[in-house]
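As a plain string of letters, each chain reads:
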Amino acid sequence: MVQESNKPRVGIIGAGPAGCCAAYFLKDDCSVVLIDYSQPMRTILPTGGGRCNLAYAEYDFRELVKYYPRGEKFLYSIFSKFSTIDTVWLFERLGVTTYVQQDSRIFPDTNSSKDIQDAFLRQLKTVTIKKERALRIETLKDKIKVVTDMDSYFFDSLIVSTGGHAGYEMVERLGIKIVPPKPALVGLVTKENLKSLAGVSLADVESNGMKGDILFTHKGVSGPLIYKISSIKARDNMPYSLALDLYPETFDLQQLFNDNPHKQINNLLSEFLPKKVVNYILKTLCIDEELKCHRITGDIRDLILENIHNFTVNVVGVNKDGEVVTAGGIDLNEVNPKSLESKKIKGLYFIGEILDIDGFCGGFNLQNCWSTAYVAANSILDSNI
């Protein structure tokens, strides 16, 4: 092992998943200083509902990149070096065993994000942690200087891993382009008043060529399918309309009317959809909920079918409650995908969600953190051999 005084000095701004992971890969061969005003790995605690969905069981990196609305091509090189199987291997080395849920999401056996935090902290005892707020980055002839609210530090290499909500101003001062961040993986606020449906969920809804569950809220719509749509449309101008097929299966509504002539329309439709949804649709169409099936005309039938298969809402905003992922960050044209080093400033690296990379729900954004941390750390180690 290299003597401490001869080790390359590496600074890491941001002690989230990406920053702590990079520190782990560097700790034996470099003198590492981790700078963050908050507790290390704090941001991982709420992930996966507190269970930490740390990856997704897609082991072909060529397929894995397809789960990222922004960054797919950029990640190709990165995931070829460190992908899902490497993540599982990493956590085994950290003493964390994992399991794959039925929907392919990977969790620790203990279902505890706190255990992931503790596993990293146990490994980072040789890393110097400065609980300070980084204010400014300055480039010198052969060093990079970080100014905090308490002191100044000089490094041979610097990794910036401040996440999707911070650090942009420091980087912009260096002349590095930022793609303005927008909320992603969020619930959508609708022009329509859907409060009467709040709390109602529907499975296997289709929209925009995708299928998944949705949840109606007091402000609009949410749930896994909506998170995907909000991610894909993160940069779309609002308002925009969104069509949802609430019941994608084929069924002959006229035949059902013929077979149940004296049944009320709301009771018949409630065999397919929650009654609150049925009543909302009928009220919107000004159709009497108690109308008998034998009195429904072909025009009314078609209107009902259109509103089931093409339930349209107008999106006017996003619900940022609980938002943790953003679309935007360091312009990927500013970064070498093979090393994650800045193309403009030697020795400066960017990893994790500060990059203009974001994935769907399912462990993809944490995979971005683990993989970019590995690639940047190994680039630094290779450059110091």
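A brief look at the structure comes next.

About the cut-offs
Each chain has its residues counted from 1, following the order in which its sequence is written. Two thresholds apply to this predicted model, a pLDDT of at least 70 for residue-level local features and 80 or more for giving and counting side-chain atom pairs, whereas whole-chain, interface and lining totals are computed over all residues. Side-chain metrics rest on all non-hydrogen atoms present in the structure, leaving aside hydrogens and water. In short, DSSP must find at least two bridges between two strands for them to pair. Numbered from the N terminus, helices here are DSSP runs of H or I no shorter than four residues, and strands are runs of E no shorter than two. Buried, partly exposed and exposed residues are distinguished by accessible area as a fraction of the type maximum, computed with a 1.4 Å probe on protein chains only: under 20%, between the cut-offs, and over 50%, respectively. Each axis is a line fitted through C-alpha atoms, and for a helix only the stretch in contact is used; angles between axes span 0 to 180 degrees, taken between their N-to-C directions. Angles below 35 degrees are treated as roughly parallel, those above 145 as roughly antiparallel, those between 65 and 115 as roughly perpendicular, and all remaining angles as oblique. Pairs of residues are marked as contacts when any of their non-hydrogen atoms sit within 4.5 Å. When residues are grouped by polarity, Ala, Val, Leu, Ile, Met, Phe, Trp, Tyr, Cys and Pro land in nonpolar, Asp, Glu, Lys and Arg in charged, and all others, Gly among them, in polar.

## Quick look at the sheet that holds strand β5 (residues 105-108)
No. 1: Strand order in the open sheet formed by three strands is β3-β5-β4, and the pairing between neighbours is antiparallel. Only two strands of the sheet have a single partner each, and these edge strands are β3 (55-56) and β4 (98-100).
No. 2: Two strands pair when backbone bridges link them, and β4 and β5 are joined in this way by three bridges, in the antiparallel orientation. Bridging across to β5, Y99 finds its partner in F107.

## Some words on the environment of V315
No. 1: Within the secondary structure, V315 is located in strand β17 (residues 311-319).
No. 2: Relative accessible area serves as the criterion here: at 0%, V315 is assigned to the buried category.
No. 3: Residues V315 and I345 lie 30 residues apart in sequence; the distance between their C-alpha atoms is 41 Å.

## Here we look at the packing of helix α3 (residues 72-81) against helix α12 (residues 364-383)
No. 1: Where α3 contacts α12, the two axes come as close as 9 Å, and the packing angle between them is 75 degrees. Between α3 and α12, the angle falls in the class roughly perpendicular. Here α3 contributes L75, I78, F79 and K81 to the contact with α12, which in turn contributes Q367, N368, S371, T372, Y374 and V375.
No. 2: For the contact of α3 with α12, a count of residues per class yields five nonpolar, four polar and one charged.

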